[in-house]
Amino acid sequence: MCLRSVHNLVRQYGIADGAAIASNEVVSTVRIGAEMLARMKQLDWVRDVITLLLHCAQPQHLSDAVAHEFVARDIVEVLNQTRSVWGLDRQCRLYVSRLLWELSKSEVFTKGTIVADLDPVMSACYQQEPPFEVCDNLCALFLQHVLREKVPPERFVRLPIWQVLLQEGLSADSTVLGAACSNPVSYTHLRAHETGRN
């Protein structure tokens, strides 16, 4: 299948000879992946597309142009519309949470994304006893929005997914959360708003 070939090229390109895949090639891959994801109903293919998009969102590929393409293709809405397929698969749910976390590292993505629009996608990631990494990825995504976009914590505590994440707790040694925020007060600040203590 052509999709798997593109995925293998993106994943392996640049390993030999230190060459890097060009930003415009990654932008084209995001465009193709987002369009394919919106039309696919077979789980194996959906998993391949999500994996491809996750590779495109890795730090070595995530330029402003690539992040802009994810926003322009309305990837959050595409994920929302296809969650009935990828939400059935544990690996897909983990990859989608990781994709959102990787994208949240880009200011272009956080500026172009409304936090409330993320809630159904995050809720789909967090079901059927998810691995703890999913919780970490989603909490780090929240923290990126708080830190970069100065989103008031009150917006988060109203989202259904926030209540779930609070019930589950967070890993004290979370590498994802540590990378998202070097200031541990941010989570405490969010928790204070949730409990009504400032």
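Asker: Whenever I open this one, the overall build of the protein chain confuses me. Can you help?
Answerer: Secondary structure summary: the protein chain contains 14 helices and zero strands in total. The order of helices and strands in the protein chain, counted from the N terminus, is α-α-α-α-α-α-α-α-α-α-α-α-α-α. The proportion of buried residues among the 198 residues of the protein chain is 48%.

Asker: I'm lost on the pattern of salt bridges in this one. Help?
Answerer: In a structure, side chains of opposite charge can pair up when their charged atoms sit close to one another. Within this structure, the stated rule accounts for nine salt bridges. The partner of Glu69 in a salt bridge is Arg31, and the shortest N-O contact between them spans 3.2 Å. One end of the pair, Glu69, is in helix 4 (residues 64–72); the other, Arg31, is in helix 2 (residues 23–39), and 38 residues separate them in sequence. Overall, Glu69 belongs to the buried group, its relative accessible area being 7%. Given a relative accessible area of 31%, Arg31 falls into the partly exposed group. Across the salt bridge formed by Asp89 and Arg47, the nearest N and O atoms sit 3.0 Å from each other. Taken together, the residues span a long stretch of sequence, with Asp89 in the loop between helix 6 (83–86) and helix 7 (90–104) and Arg47 in helix 3 (residues 43–56) at a distance of 42 residues. One network of salt bridges, in which partners are shared, links Arg31, Glu35, Glu69 and Arg73.

Asker: Just checking my understanding: could you explain the confidence of the model for the protein chain for this structure?
Answerer: Overall, the prediction assigns the protein chain a mean pLDDT of 78, with 72% of residues at 70 or greater. Taken together, the stretch residues 179–194 has pLDDT below 50 and engages in 33 contacts with residues farther than four places along the chain or on a different chain.

Asker: What am I meant to see in the packing of helix 2 against helix 4 here?
Answerer: Between two packed helices, the angle of one axis relative to the other and the distance separating the axes together describe the packing. Viewed as axis vectors pointing N to C, helix 2 and helix 4 meet at an angle of 15°, and their least axial separation amounts to 9 Å. Considering their axes alone, helix 2 and helix 4 lie roughly parallel with respect to each other. Like other packed secondary-structure pairs, helix 2 and helix 4 cross with a definite hand, here right-handed. Residues Ser23, Val26, Val27, Val30 and Arg31 of helix 2 form the contact with helix 4, whose own contacting residues are Ala65, Val66, Glu69 and Phe70. Taken together, the residues of the contact of helix 2 with helix 4 sort by class into six nonpolar, one polar and two charged.

Rules and cut-offs
Each chain carries its own residue numbering, running from 1 in the direction its sequence is written. Selection of residues for local features in this predicted model requires a pLDDT of at least 70, selection of side-chain atom pairs for listing and counting requires 80 or more, and totals for whole chains, interfaces and linings are taken over all residues. Computation of side-chain values covers all heavy atoms of the structure but excludes hydrogens and water. Counting from the N terminus, the helices are DSSP H or I runs at least four residues long and the strands are E runs at least two residues long. Here's how the labels work: a residue is buried when its accessible area is under 20% of the maximum for its type, exposed when over 50%, partly exposed in between, all with a 1.4 Å probe on protein chains only. Salt bridges are defined as contacts in which a side-chain nitrogen from Lys or Arg sits within 4 Å of a carboxyl oxygen from Asp or Glu. pLDDT is defined as a per-residue confidence score from the predictor, taking values between 0 and 100. Pairs of residues are marked as contacts when any of their non-hydrogen atoms sit within 4.5 Å. To obtain an axis, a line is fitted to C-alpha atoms, over the contacting stretch when the element is a helix, and the angle between two such axes runs from 0 to 180 degrees between their N-to-C directions. To sort the angles, those under 35 degrees are grouped as roughly parallel, those over 145 as roughly antiparallel, those from 65 to 115 as roughly perpendicular, and the leftovers as oblique. Helix crossings fall into two classes, left-handed where the near helix is turned counterclockwise from the far one by less than a right angle and right-handed where it is turned clockwise. Classes in brief: Ala, Val, Leu, Ile, Met, Phe, Trp, Tyr, Cys and Pro nonpolar; Asp, Glu, Lys and Arg charged; the others, Gly included, polar.

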